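Given next are the chains, with one letter for each unit.
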Amino acid sequence: MTKLQIKNLTKNFDDTKILEDINLNIEEGEFVVLVGPSGSGKSTILRIIAGLEIPTSGEIFLNNKLINDFKPKDRDIAMVFQNYALYPHMSIFDNLAFPLKMRNIDKKTINQSVNDISSMLGIKHYLAKKPKELSGGERQRVALGRAIIRKPQLFLMDEPLSNLDAKLRTQMRAELLKLHKTLSSTVIYVTHDQIEALTMGNKIAILNHGEIQQIGTPGDIYNNPVNTFVAGFIGNPGMNFFKGLADKKAILGIRPEHLLINQEKDITFTASIDLIEMLGNEFLIYAKTCDQSFAVKTNDRLNLKRNDQIKVAIDLSKVLFFDESTGKRIPL
Ligand SMILES: Nc1ncnc2c1ncn2[C@@H]1O[C@H](COP(=O)(O)OP(=O)(O)O)[C@@H](O)[C@H]1O
Ligand SMILES: [Mg+2]
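Residues numbered from 1 in each chain as written. Chains lettered and ligands numbered in written order. Predicted model: local features only at pLDDT ≥ 70, side-chain atom pairs only at ≥ 80, totals over all residues. Heavy atoms only, no water.

Draft legend 1. Structural detail: the sheet that holds strand β3 (residues 31-35). Strand order in the open sheet formed by six strands is β6-β7-β8-β3-β9-β10, and the pairing between neighbours is mixed. Because the sheet does not close on itself, it has two edges, and the strands there are β6 (77-80) and β10 (211-216). Direction aside, neighbouring strands of the sheet carry axes that sit 20° apart on average. With four bridges connecting them, β3 and strand β9 (residues 203-208) associate as parallel partners. Looking across to β9, one finds that L34 is bridged to A205. Taken strand by strand, helix α1 (residues 42-50) contacts β3, β6, β7 (154-158), β8 (187-191) and β9, and its axis lies near 150° from that of β7. (Pairing = 2+ DSSP bridges. Helix = DSSP H or I, 4+ residues; strand = E, 2+ residues; numbered from the N terminus. Axes fitted to C-alpha atoms, helices over the stretch in contact; angles between N-to-C directions. Contact = heavy atoms within 4.5 Å.)

Here's what the structure looks like:
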């Protein structure tokens, strides 16, 4: 069943277009990641779904019901923000219980729910504490707990992990996915981090300047980007682009792992190395040819160093072409 449907949504702030004809369907139980650079309109989309912002035009359906005119509290949607605002003077128990108390749920049910949620999130030992006595990761778990305790129809998460350090973020990503499986909930997860998008989403929507560029699985998006924006945004680093190599109107795109150093392959060219980065088990070699910079990913440092001249080979089977004026993919 389609849980949420966004139809021809636009949003202007004053005379500025912020969102342009957004269309997105989210099925029951899906974990959809909305990813895009800062300022691309991600939070505005979530705020409109939650009812905190009014669309300029377009329709939002929840369970096939038009909810444009519903007040936020009547939408049965929960939102988790980057800045998880817990009530500082309340205990963790009371923070978790709050959404249920607001709905006049009886005490026994509240106790049971707080008990269940806090066990699930591993915060049962902190129930008597105040938020300031907890670490960032623990507080974020409480914020999650508070969002899920009333079992809403839909979860909206706006960069909920971006205040956590890298290690905790990786751990929380896995926990969120586990939680999603356990609850079979429907989630829209917003991030500016493309790695988070690739690792978490079973469906990814990529946003730029208020427009959805592409919707697909991580594999679709990575292997079949529809334009240079998606190809360059997704990947670490993104796809390399070479201009004016063959046809002046086409850009040749190739991912860093599909360039080979000092090997014979379909096409080769020479380049000089600007920088070598070690990523642990891989190396990123940044190089330049005819004023065009690009990156190569290798498993081996190959005894190379800065300023070395290298021969770079292109695996032609992996090459994509894009229109230089529109950035759109040229189908082959
Ligand atoms: N209340 C507002 N009034 C005017 N402009 C706004 C308002 N909220 C957001 N914007 C603008 O809308 C654009 C998208 O913002 P936002 O949705 O927060 O982007 P993101 O979450 O992707 O970083 C930005 O250019 C931002 O400055
Ligand atoms: Mg935002």
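Draft legend 2. Focus on the nonpolar core. Within the largest apolar cluster, 42 residues are counted, with the highest numbers of intra-cluster contacts made by L96, M157, Y189 and I206. The leading source of residues in this core is helix α4 (residues 136-148), at five residues. Discounting residues that sit within four places of it in the chain, Y189 has contacts with F31, V32, V33, L34, M157, P160, L161, L176, E196 and M200. Listed in part, the 25 residues of the second largest apolar core include L19, I22, I77 and M79. (Core = buried A, V, L, I, M, F, W, Y, C linked by side-chain atoms within 4.5 Å. Buried < 20%, exposed > 50% of the residue type's maximum accessible area, 1.4 Å probe, protein only.)

Draft legend 3. Spotlight on the sheet that holds strand β2 (residues 16-27). With respect to topology, four strands assemble into an open sheet ordered β2-β1-β4-β5, the strand pairing being antiparallel. One side of each edge strand has no neighbouring strand; the edge strands of this open sheet are β2 and β5 (65-66). Here strand β4 (residues 57-62) pairs with β5 via two bridges, running antiparallel. Bridging from a neighbouring strand, L62 pairs with K65 of β5. The strands touched by α1 within the sheet are β1 (2-13), β2 and β4, with β1 carrying the most contacts at an inclination of about 120°.

Draft legend 4. Fine view of the domain arrangement of the chain. Annotation of the chain at the domain level lists domain 1 (2-229) and domain 2 (245-323). Each of domain 1 and domain 2 has a C-alpha centre, and the two are 39 Å apart. On the side of domain 2, five residues touch domain 1, which itself brings six residues to the contact. Taken over both partners, the interface formed by domain 1 and domain 2 buries close to 450 Å², and the fraction arising from carbon and sulfur atoms is 61%. Its largest share of buried area at the contact with domain 2, domain 1 owes to Y222, P225 and T228, together 82% of the area lost on that side. Where domain 1 touches domain 2, the interface holds zero salt bridges. In this structure, the connection of domain 1 to domain 2 is made through two residue pairs in polar contact (both at pLDDT 80 or more). (Domains from an automatic or database assignment. Buried area = accessible area lost by both parts, 1.4 Å probe. Salt bridge = Lys/Arg side-chain N within 4 Å of Asp/Glu carboxyl O. Polar contact = N/O pair within 3.5 Å; in protein donor to acceptor, adjacent residues only side chain to side chain.)

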